[in-house]
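# Coordinate analysis (summary)
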Amino acid sequence: MSYQLYRNTTLGHTLQESLDELIQYGQITPQLACKVLLQFDKSINQTLATRVKSRLTFKAGKLNTYRFCDNVWTFMLNDVEFREVQEITKIDKVKIVACDGKNVSEEGSSKK
């Protein structure tokens, strides 16, 4: 099982819209579309976990709310400053959703 967080990105939305269009024109079945989305979830989680090496730090002026549900942390932050090496970006409001990536990759490797 992979997290479905990335379906809510531009890439994920575009994939879903394309699959819906293919289903509408009868070029693929809804079952195949589901398989494609599941493979997308698995691939994007694995790729981000293994290929992205850049790091950044952040500091928030205020932690507005936080929640931990189903092994997922959600943080709502205000007045956030992100730093990557010498580049600094300031943002008024940020929502961070954090999942345990180790559980996802362990599940995938145990099925091989």
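Residues numbered from 1 in each chain as written. Predicted model: local features only at pLDDT ≥ 70, side-chain atom pairs only at ≥ 80, totals over all residues. Heavy atoms only, no water.

## Some details on the sheet that holds strand S1 (residues 57–69)
- Taken together, three strands build an open sheet; the order of strands is S1-S2-S3 and the sheet is antiparallel. Sheet topology places S1 and strand S3 (87–99) at the edges, where each strand pairs with a single neighbour. Here the strands of the sheet are splayed against their neighbours by 10 degrees on average, with no regard to which way each runs.
- Two elements, S1 and strand S2 (residues 72–84), share eleven bridges in a ladder whose sense is antiparallel. Residue pairing in the sheet places Arg-67 in a bridge with Thr-74 of S2. (Pairing = 2+ DSSP bridges. Helix = DSSP H or I, 4+ residues; strand = E, 2+ residues; numbered from the N terminus. Axes fitted to C-alpha atoms, helices over the stretch in contact; angles between N-to-C directions.)

## Concerning the confidence of the model for the protein
- Averaged over every residue, the pLDDT of the protein is 86; the share at 70 or more is 88%.
- Within the protein, the lowest mean pLDDT, 51, falls on helix H3 (residues 101–110), and the highest, 95, falls on helix H1 (residues 10–24).
- Counting contacts from residues 104–112, a segment whose pLDDT is below 50, to residues more than four positions away or on other chains yields six contacts. (pLDDT = per-residue confidence, 0-100. Contact = heavy atoms within 4.5 Å.)

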